[in-house]
Amino acid sequence: MSDNCYEYVEKNLSAIRENIAETAEKYGRNTDSVRLMAVTKTVPPDIVNYAVSLGIDLLGENKVQEFLSKQPVYNKAADVHFIGHLQTNKVKYIIENVSLIQSVDSLKLAHEINRLAIAHNKIMDILCEVNIGGEVSKSGVPPENLISLIEQISLLQGVRVKGLMTIPPPSNSDVFLGKMEELFNKVKSANIENVSMDELSMGMSGDYQQAIIHGSTIVRIGTGLFGKRIYN
Ligand SMILES: *Cc1c(COP(=O)(O)O)cnc(C)c1O
């Protein structure tokens, strides 16, 4: 990779940090209450590590295979969350290597995470992914089934629900970010035992400032930081 590429990431990162701080301040939020995740899909590990050297402390991984190939060379200073669609039979490959799984949308998947977490003597933190726009093409639990799913997951000893994640329909993102904020507050006030609504993971390159206005605590940024992906 050329030096230019590093400069490009550095420039993008300072702009994103400035935007986060500015939006947080404008809407009465503490800048520290918004965590910036670097979404690494298709990005070579040396560029990912460069971002970590600039202070990125959270990486988002979409694909099990790609993660496993890059992970050995990652700078371990950053936490890793799994954010992609996760097949039940692949949980075993990531259970020891990520600190949180953001994309849990079924009891079946939660059961497998629970089983493996217990086998590894750990408790796995998870977020429930919500299909807030009701899009057929997207994963995520339908909003109307969310509380019931969380109640069932809350009974499992090896997993802890820490909040919610969503990818809103891009065309109408702001409306759905608002709906997501409402849903988050609703689950929070349901006060389900063993469940904490600490994290609301939403906002990507195109809508992260809107997401912060609607209470996001984790913004997940790929192209805005690393540039346009060649594949995917
Ligand atoms: C790719 C991806 C992102 C980042 O999207 P950009 O528009 O590139 O910032 C965020 N979240 C998930 C789940 C993704 O798959």
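Up top you'll find the structure we're talking about.
Every value quoted in this text rests on a predicted model; they were computed, and no experiment measured them.

Student: Mind showing me how you'd approach the overall build of the protein chain here?
Tutor: Secondary structure assignment for the protein chain yields nine helices and eight strands. In terms of C-alpha radius of gyration, the protein chain reaches 17 Å, essentially the compact-globule figure of 17 Å for 232 residues. For the protein chain, the spread of C-alpha atoms along the three principal axes comes to 50 × 40 × 30 Å. Taking all 232 residues of the protein chain together, the buried fraction comes to 49%. Taking as baseline every contact in the protein chain between residues at least 6 positions apart, the subset at least 24 positions apart corresponds to 61%. When the accessible surface of the protein chain is summed, it comes to about 11200 Å², and 48% of that surface belongs to carbon and sulfur atoms. Computing the positive centroid from 23 side-chain charges and the negative centroid from 27, the protein chain places the two 5 Å apart.

Student: Can you help me understand the site of the ligand in this one?
Tutor: Around the ligand, the neighbouring residues are Val39, Lys41, Asn62, Ile83, Ile167, Met204, Ser205, Arg220, Ile221, Gly222, Thr223 and Arg229. At 2.8 Å, a backbone N or O of Gly222 approaches an oxygen atom of the ligand. Thr223 is positioned such that a nitrogen or oxygen atom in its backbone is 2.9 Å from an oxygen atom of the ligand. Its atoms largely coinciding with the cavity grid, the ligand occupies the largest pocket. Broken down by class, the residue content of the shell around the ligand amounts to five nonpolar, four polar and three charged.

Student: When you look at the environment of Gly140 in this model, what are you seeing that I'm missing?
Tutor: Relative to the helices and strands, Gly140 is located in the loop between strand 5 (124-130) and helix 6 (146-153). Those residues in contact with Gly140 that sit more than four places away from it in its chain are Asp105, Glu129, Val130 and Asn131.

Student: When you look at unusual backbone geometry in this model, what are you seeing that I'm missing?
Tutor: Note: most peptide bonds trans; most residues except glycine with negative phi. The phi dihedral of Thr42 falls on the positive side, at around 70°, and the residue is not glycine. With respect to the helices, strands and loops of the structure, Thr42 is situated in the loop between strand 1 (35-39) and helix 2 (45-53). Given the relative accessible area of 31%, Thr42 is considered partly exposed. For Asn194, which is not glycine, the phi dihedral falls at a positive 75°.

Student: Explain helix 6 here, please?
Tutor: Helical periodicity: at 3.6 residues per turn, an α-helix aligns residues three or four positions apart in one direction. If you check which residues of helix 6 are buried, you get Leu146, Leu149, Ile150 and Ile153. For helix 6, the angular spread of the buried residues around the axis is 95°, confining them to a single face. At its buried positions, helix 6 is contacted by strand 4 (100-104), helix 5 (107-119), strand 5, strand 6 (159-166) and helix 7 (173-190).

Student: Quick question: what am I supposed to make of the nonpolar core here?
Tutor: Counting 66 residues, the largest nonpolar core has Ile101, Ile113, Ile150, Ile153 and Leu164 as the members making the most contacts within it. Looking at this core, the element that brings in the most residues is helix 7, giving six residues. Non-local contacts of Leu164, meaning those with residues more than four positions away in its chain, are made with Leu127, Cys128, Val130, Leu146, Ile150, Met180, Phe184, Val187, Met197, Glu199, Leu200 and Ser201. Counting residues in each nonpolar core, the second largest holds eight residues, with Met37, Val39, Leu127 and Met165 among its members.

Student: I would appreciate a short explanation of the pairing of strand 5 in the present structure.
Tutor: Of all seven residues in strand 5, six are buried; the element is thus mostly enclosed. The pairing of strand 4 with strand 5 spans three bridges and is parallel. Of the residues in strand 5, the one forming a bridge with Leu100 is Asp125. Taken together, strand 4, helix 5 and strand 5 constitute a β-α-β crossover, and its handedness is right-handed. The parallel pair strand 5 and strand 6 is bridged by helix 6, and the resulting crossover is right-handed.

Analysis parameters
Residues numbered from 1 in each chain as written. Predicted model: local features only at pLDDT ≥ 70, side-chain atom pairs only at ≥ 80, totals over all residues. Heavy atoms only, no water. Helix = DSSP H or I, 4+ residues; strand = E, 2+ residues; numbered from the N terminus. Rg over C-alpha atoms; globule rule 2.2 N^0.38 Å. Buried < 20%, exposed > 50% of the residue type's maximum accessible area, 1.4 Å probe, protein only. Contact = heavy atoms within 4.5 Å. Areas by Shrake-Rupley, 256 points an atom, 1.4 Å probe, with all protein chains shown as cover. Lys, Arg positive; Asp, Glu negative; His and termini not counted. Charge placed at Lys NZ, Arg CZ, Asp CG, Glu CD. Near = heavy atom within 4 Å. Polar contact = N/O pair within 3.5 Å; in protein donor to acceptor, adjacent residues only side chain to side chain. 1 Å grid on protein atoms, 1.4 Å probe; cavity = no way out; pocket = protein on both sides within 12 Å on 5 of 7 lines; lining within 4 Å. Sits in = over half its atoms within 2 Å of the grid points. Nonpolar A, V, L, I, M, F, W, Y, C, P; charged D, E, K, R; others polar. Arc of directions from axis to C-beta. Core = buried A, V, L, I, M, F, W, Y, C linked by side-chain atoms within 4.5 Å. Pairing = 2+ DSSP bridges. Right-handed = clockwise from strand over helix to strand, strands pointing away.

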